[in-house]
Amino acid sequence: MSLDQITRRLRAAEKAAGRDEGAVRLIAVSKLQPDARVEAVLHQGHRLFGENRVQEAAAKWPGFRAAFPGTEVHLIGPLQTNKARQAMELFDAIHTLDRPRLAQTLARLAQDLGRCPDLFIQVNTGREPQKAGVLPEDLDALVADCRALDLPVVGLMCIPPVDQDPASHFSALADMAARSGVTGLSMGMSDDFEAAVALGATHVRVGSAIFGARA
Ligand SMILES: *Cc1c(COP(=O)(O)O)cnc(C)c1O
């Protein structure tokens, strides 16, 4: 696969779903990829990337951003409270807000910094104990907390269990977003992004299908 092929498949999936061309943003997930592969995709003109770890992104992206203006980087991995400040300085969006304490920390930092990245709330739709994300029954309360703190929550994010049909998780997430009054839906990865587009994804997070297998 390549950026070109994935972009073509994405445009075809939008069309098949009756969605506008370009309605879905492609986040190229560059975690654990060699710099040369990331640079190749930047040279092809792509400007939206996803990273899992604050530390890795801090080492990689300031340089690439300087060399490729207009580059946007989103955090798609879990965020520890003690890395929140660095994350807010580094990323244009954070997809993994999942608890009230982190919301409070982000709100305090937003005051300090005078800005805040776009925020997605991660929902643990599969109720997996080892996985991050707020449980579905706790979502409304977390959304209310975020609104009270004036945080810019733009959408929801999920990572379906690997052994289940992702479509039911995507449609459940879309229902929750509609109920919460947010329009962003960060869902779909290399193996299932077309299904996510059919169910309303606004952001798909595709890594290995663009860059190849991770180290
Ligand atoms: C790694 C990762 C992806 C991309 O996975 P691929 O299967 O390589 O497309 C997407 N979302 C999250 C949260 C990830 O950690």
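Residues numbered from 1 in each chain as written. Predicted model: local features only at pLDDT ≥ 70, side-chain atom pairs only at ≥ 80, totals over all residues. Heavy atoms only, no water.

An unreviewed UniProt entry lists the protein under the name Pyridoxal phosphate homeostasis protein, with Plastorhodobacter daqingensis as the source organism. On record in UniProt, under Sequence similarities (unreviewed entry), the comment for the protein is "Belongs to the pyridoxal phosphate-binding protein YggS/PROSC family." (UniProt positions renumbered as here; feature names shortened; annotations may be inferred.)

Moving on, we get to the UniProt feature "modified residue: N6-(pyridoxal phosphate)lysine" (unreviewed entry) in the protein. Under the present numbering, the feature "modified residue: N6-(pyridoxal phosphate)lysine" (unreviewed entry) in UniProt falls on Lys 31. Structurally, the position occupied by Lys 31 is in the loop between β1 (25–29) and α2 (35–43). (Helix = DSSP H or I, 4+ residues; strand = E, 2+ residues; numbered from the N terminus.)

A complete count under the given rule lists two aromatic pairs for this structure. For the pair Phe 49 and Trp 61, a centre-to-centre distance of 4.7 Å together with 40° between the ring planes defines the contact as tilted. Note that Phe 49 is positioned in strand β2 (residues 48–51) and Trp 61 in helix α3 (residues 54–67), a separation of twelve residues in sequence. Note on Trp 61: relative accessible area 1%, which makes it buried. (Phe/Tyr/Trp six-rings, centres within 6.5 Å; stacked < 30°, edge-to-face > 60°. Buried < 20%, exposed > 50% of the residue type's maximum accessible area, 1.4 Å probe, protein only.)

Turning our attention to α2. Among all positions of α2, only Val 38, Val 41 and Leu 42 are buried. The buried residues of α2 occupy an angular sector of 105° when the element is viewed end-on, so they sit on one face. Away from its buried face by more than 90 degrees, α2 exposes Ala 36 and His 43. If you follow the buried residues of α2, they end up packed against α1 (3–16), β2, α3 and α9 (208–211). Positive backbone phi, at 105°, marks Gly 45, one or two positions downstream of α2. (Arc of directions from axis to C-beta. Contact = heavy atoms within 4.5 Å.)

Glancing now at the site of the ligand. Neighbouring the ligand are 13 residues, the closest being Lys 31, Ser 190, Gly 207, Ser 208 and Arg 214. One nitrogen or oxygen atom from the side chain of Ser 190 is found 2.5 Å from an oxygen atom belonging to the ligand. One nitrogen or oxygen atom from the main chain of Gly 207 is found 2.8 Å from an oxygen atom belonging to the ligand. Isolated, the ligand exposes 390 Å² of accessible area, and the fraction of that covered by the protein chains is 90%. A per-class count over the shell around the ligand returns six nonpolar, four polar and three charged. (Near = heavy atom within 4 Å. Polar contact = N/O pair within 3.5 Å; in protein donor to acceptor, adjacent residues only side chain to side chain. Areas by Shrake-Rupley, 256 points an atom, 1.4 Å probe, with all protein chains shown as cover. Nonpolar A, V, L, I, M, F, W, Y, C, P; charged D, E, K, R; others polar.)

Counting buried residues along strand β4 (residues 93–97), five of its five residues qualify, which places the element largely inside the surrounding structure. In this view, the connection linking strand β3 (residues 72–75) to its parallel neighbour β4 by way of helix α4 (residues 84–90) has right-handed handedness. Pairing between β4 and strand β5 (residues 118–122): three bridges, direction parallel. Its bridge partner being in β5, Ala 93 is matched across the sheet by Asp 118. Handedness of the β4-helix α5 (residues 100–113)-β5 crossover: right-handed. (Right-handed = clockwise from strand over helix to strand, strands pointing away. Pairing = 2+ DSSP bridges.)

Now for unusual backbone geometry. One non-glycine residue, Leu 32, lies in positive phi territory at about 60°. Within the secondary structure, Leu 32 is located in the loop between β1 and α2. Of note, the phi angle at Asp 150 is positive, near 65°, even though the residue is not glycine. Tracing the backbone through its elements, the reader meets Asp 150 in the loop between α6 (139–148) and β6 (153–157).

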